[in-house]
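# Coordinates in review
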Amino acid sequence: MYLLETQHISKRYANHEALRDVSVTIPRQSIFGLLGPNGAGKTTLIRIINQIIEADEGQILIKDEPLEPKHIADIGYLPEERGLYKKMKVGEQLIYLAQLKGLSRSEAVKRIKSWFERLEVSGWSEKKIEDLSKGMQQKIQFIATVVHDPDLIILDEPFTGFDPVNANLIKDEILTLQERGKTIIFSTHRMESVEELCTHIALINKSEKILDGKKQDIKNQFRSNTYEIVHLGDFNGVDLEYQLLGEEPLEENYTKSTVQIAETTSPNELLRSLIPHIEIHGFQEKLPTINEIFIAAVQ
Amino acid sequence: MNKIGLIIRREYWTRVRKKSFIIMTILGPLIFAGIVFVPIWLASSESSDEKVIAVSDESCLLQNGFRNEEDGSIQYEYITISLDQAKADFPKSNRYGLLYIPELDLDDPQGITFFAETNPSIQLLRNIRRTVRQNIRDLKLERSSISRETLEALETNVDISTINLTQAGEEQQGNAEVASVVGYVGAFLIYIFIFLYGAQVMRGVIEEKSSRIVEVIISSVRPFQLMVGKVIGVASVGLTQFLLWVGFTLLIVNIAGSFFPDIAADPSATAVPMAQVPENSPELEAMQDFSSIFGSVNVPLLIGCFIFYFLGGYLMYGALFAAVGSAADSDTDTQQFMLPVSAPLIISIVTLAAILNEPNGTLAFWMSMIPFTSPVVMMMRIPFGLPTWELMLSMTLLIGGFIFTTWLAAKIYRIGILTYGTKVNYKTIGKWLFQ
């Protein structure tokens, strides 16, 4: 079941095409990585989903209904360019933003209080934003994004500006939100967090979607019959067509070799031909990283 | 609508609680009251220390010419010692000044000198000059054997009273001077308020844009709602400040008035030191029966129209100022767009003098119909009275005008607030408008 579907979205600006026929489906309770180089059209797509701008063509379904202004309350958005009213107090500001999302004042106060406790920021309510450090401001902005308990949370580069401790805190919150049934769209250039968090990804390049699906499926799609072998002894005389991509000496004379074989060859065949020559201590298929897929796909 | 309400409330409360707002609200009336009362206070305190002026009249022509001021503020003392002696005595004498009149040629009086430690006031000099002139004239009249009575009989006082005929056929006593003062004040207030609060809207938009909160906000509300909320919120701040000023000014004038009961009760007393006008001038007469003539101006209509044209004019320009703010990344970027936005306002202020000459002329008519100039120009015209249909038409056009500018501004605004880093020029704005 999909929480959000974009169908054939196109958007043109005066001088260039920002999106061309982009269709993605975002399953419920997924952490959906929206990837792409700078200027690929990610922000435009996110803004269209947020109804900040309108698509020229195509439509968006949220919970199987066409996206309408009433769905604003179902979406929480953390833009890449963070910003809060600098002169306003933290508490007032969060209440205001929550009310704009349709929460009543008393409900907003209650929720903000519980988020303050979760993110260890109690007692900041009366402080002005401009008096907070950047990391502290980010936490407040994160609260503003999720305070109205939206079903869809769109996070654009959520970890920038956080120290590792707080980045972990936010990461845990994202996972908790997913467990509670929320769907998260996650746009970032930090591939290690995509690797770690995302269940699904879509890759946008030059205004077009070039691939999407389950993270694992995409990795399989990009598998290249490459294996990592930890061994003692030399590869000399192996009776198989292979390509040695790398050799890395490990401790105590072990070597880690990266080997690519022909698509028709199975890993068992590789093992069989290796056994007479070397002592195998480890054998693993090397799946491409998202980073590698990203670079390969964009090029 | 609920969301616009939230935005208005935020814009209103954050501004009203600012220190600058509170300071301006308190200072404004103090400044107004100061303008009214400081001259009065100065005038009344001046009269308490009397000045003695020694007159050394060698010509003996003005022996009885100088009379002491009735309130005792200036006393003239004739002395007969020589000028050099008088000058030598002067520092010890505690006198304010020494007036020396040499032997005079009546046709060409030369050499009258006033000695004093400090520069005498213009008024004092004027009094002395007038006294000398009158005395010399009397002497000349005598010489040509014309009596004073004959001369006075030659002078005729012409007084034109103006009566406005209303459409109902009623007669209303009109007073052009009062009307122009009221008109000028109203027109200038509107002009200043539009600029003051228009600039606040603009700065608010730039603040939201540069702090990047705008993207968060417009993921919750439509850009149009944000713009309208801001414009209305700032308008409420302006209205609040205006009403507080009126209230405080009245309060201060009343309190201060109780300290100067004589002066406050007699407007002519305030008029003299303020304007330093010569006697019998039309201005003074206007001031003297200000309260009675004020009846000629329809006060409730005037206040009602002021509020209408302030709000209408402000809404009209407020949206445009918001659009200018949205197209800029910082205050300095706004200047190229400020000129066309503020030009009509400046033109209307510049033409006020011409409109004053002919408050019901063609120029006045058209300028009070065009919504861009009507708020300022209409305030000038209303005190002079104008047909109801003209007022109604102008108001309708103004309402239409601000709906149009708001629509226009919204088109620029919704794109402008999301545009960062690019230098926006008229061409880009044109593209946004027709996109």
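Residues numbered from 1 in each chain as written. Chains lettered and ligands numbered in written order. Predicted model: local features only at pLDDT ≥ 70, side-chain atom pairs only at ≥ 80, totals over all residues. Heavy atoms only, no water.

## Description of the overall build of chain B
Scanning chain B from terminus to terminus reveals 19 helices and six strands. Evaluated residue by residue, chain B yields a buried proportion of 44% over its 435 residues. Counting only contacts in chain B whose residues sit at least 6 apart along the sequence, the fraction spanning at least 24 positions is 70%. (Helix = DSSP H or I, 4+ residues; strand = E, 2+ residues; numbered from the N terminus. Buried < 20%, exposed > 50% of the residue type's maximum accessible area, 1.4 Å probe, protein only. Contact = heavy atoms within 4.5 Å.)

## What to know about the pairing of strand β10 (residues 208-214) of chain A
Residues and elements named next belong to chain A. In the sheet, strand β9 (residues 200-205) pairs with β10 via six bridges, with the strands oriented antiparallel. Bridge assignment links histidine 200 to a residue of β10, and that residue is lysine 214. Hairpin connection, β9 to β10: the antiparallel pair is bridged by two residues, and lysine 206 has positive phi, about 45°. (Pairing = 2+ DSSP bridges.)

## What to know about the pairing of strand β3 (residues 97-101) of chain B
All names here are of chain B. Burial within β3 is extensive, with five of its five residues counted as buried. Burial of β3 is two-sided: the residues Gly97, Leu99 and Ile101 facing one way and the residues Leu98 and Tyr100 facing the other way are all buried. Where strand β1 (residues 51-57) lies against β3, five bridges are found, and the strand directions are parallel. From the neighbouring strand, isoleucine 53 faces β3, where its bridge partner is glycine 97. Pairing of β3 with strand β4 (residues 113-116), which is carried by four bridges, proceeds in the antiparallel orientation. Residue pairing for β4: tyrosine 100 is matched across the bridge by threonine 113.

## Topic: the pattern of salt bridges
Applying the stated criterion to the full structure yields 30 salt bridges over all chains. A salt bridge links lysine 63 of chain A to aspartate 74 of chain A; its shortest N-O distance comes to 3.6 Å. Placement of the pair is lysine 63 of chain A in the loop between β4 (57-62) and β5 (65-66) and aspartate 74 of chain A in the loop between β5 and β6 (75-78), with a sequence separation of 11 residues. Here aspartate 329 of chain B and lysine 209 of chain B are joined by a salt bridge, their closest N and O atoms 3.4 Å apart. With aspartate 329 of chain B in the loop between α13 (299-327) and α14 (335-350) and lysine 209 of chain B in helix α6 (residues 176-210), this pair connects stretches of sequence that are 120 residues apart. When salt bridges that share partners are traced, they join Lys63, Asp74, Asp149, Asp151, Arg180 and Lys182 of chain A into one network. (Salt bridge = Lys/Arg side-chain N within 4 Å of Asp/Glu carboxyl O.)

## Side note on the side chain of lysine 219 of chain A
All names here are of chain A. Mapped onto the secondary structure, lysine 219 falls in helix α7 (residues 215-221). At 2.4 Å, the side chain of lysine 219 and the side chain of glutamate 195 are in polar contact. Lysine 219 has contacts with Glu195, Leu287, Pro288, Thr289, Ile290 and Ile293, leaving out every residue within four places of it along the chain. (Polar contact = N/O pair within 3.5 Å; in protein donor to acceptor, adjacent residues only side chain to side chain.)

## A short note on the nonpolar core
As a rule of thumb, nonpolar side chains are buried together in soluble globular proteins. Of all hydrophobic cores here, the largest spans 156 residues; its most connected members are Ile49, Tyr96 and Ile140 of chain A together with Ile217, Tyr309, Tyr314 and Ile382 of chain B. Other than its neighbours up to four places away in sequence, isoleucine 217 of chain B contacts Tyr85, Tyr96, Leu97 and Leu100 of chain A together with Leu226 of chain B. Grouped together as the second largest cluster of nonpolar side chains are 16 residues, Leu62, Tyr76, Leu104 and Val132 of chain B included. (Core = buried A, V, L, I, M, F, W, Y, C linked by side-chain atoms within 4.5 Å.)

## Focus on the interface of chain A and chain B
Across the contact, 25 residues belong to chain A and 22 residues belong to chain B. Between chain A and chain B, the buried area comes to about 2,300 Å², and carbon and sulfur atoms account for 58% of it. For the pair chain A and chain B, the interface holds three salt bridges. The closest approach of N and O atoms between arginine 47 of chain A and glutamate 215 of chain B, which form a salt bridge, is 3.0 Å. If you tally residues by element for the side of chain A that touches chain B, the top one is helix α2 (residues 90-100) of chain A, at six residues. Split by residue class, the side of chain A that touches chain B holds 12 nonpolar, six polar and seven charged. (Buried area = accessible area lost by both parts, 1.4 Å probe. Nonpolar A, V, L, I, M, F, W, Y, C, P; charged D, E, K, R; others polar.)

## Some words on the packing of aromatic side chains
Under the counting rule described, the total for this entry stands at 21 aromatic pairs over all chains. Taking 5.8 Å as the distance between ring centres and 90° as the angle between the ring planes, the aromatic pair formed by phenylalanine 159 of chain A and phenylalanine 186 of chain A counts as edge-to-face. Here phenylalanine 159 of chain A is found in the loop between β7 (152-156) and α5 (164-179), whereas its partner phenylalanine 186 of chain A is found in strand β8 (residues 183-187), with 27 residues between them in sequence. Given a relative accessible area of 4%, phenylalanine 159 of chain A falls into the buried group. Summarising the aromatic geometry, the rings of phenylalanine 337 of chain B and tyrosine 426 of chain B are spaced 5.2 Å apart at their centres and angled 80° between planes, so their arrangement reads as edge-to-face. With a gap of 89 residues between them, phenylalanine 337 of chain B in helix α14 and tyrosine 426 of chain B in helix α19 (residues 426-434) connect regions that are remote in the sequence. On the basis of relative accessibility, which here comes to 4%, the residue phenylalanine 337 of chain B falls in the buried class. The exposure class assigned to tyrosine 426 of chain B is partly exposed, which follows from its relative accessible area of 46%. The ring of tryptophan 115 of chain A has arginine 118 of chain A lying over it, and the distance from NZ or CZ to the ring centre is 5.2 Å. (Phe/Tyr/Trp six-rings, centres within 6.5 Å; stacked < 30°, edge-to-face > 60°. Lys NZ or Arg CZ within 6 Å of the ring centre and 35° of its normal.)

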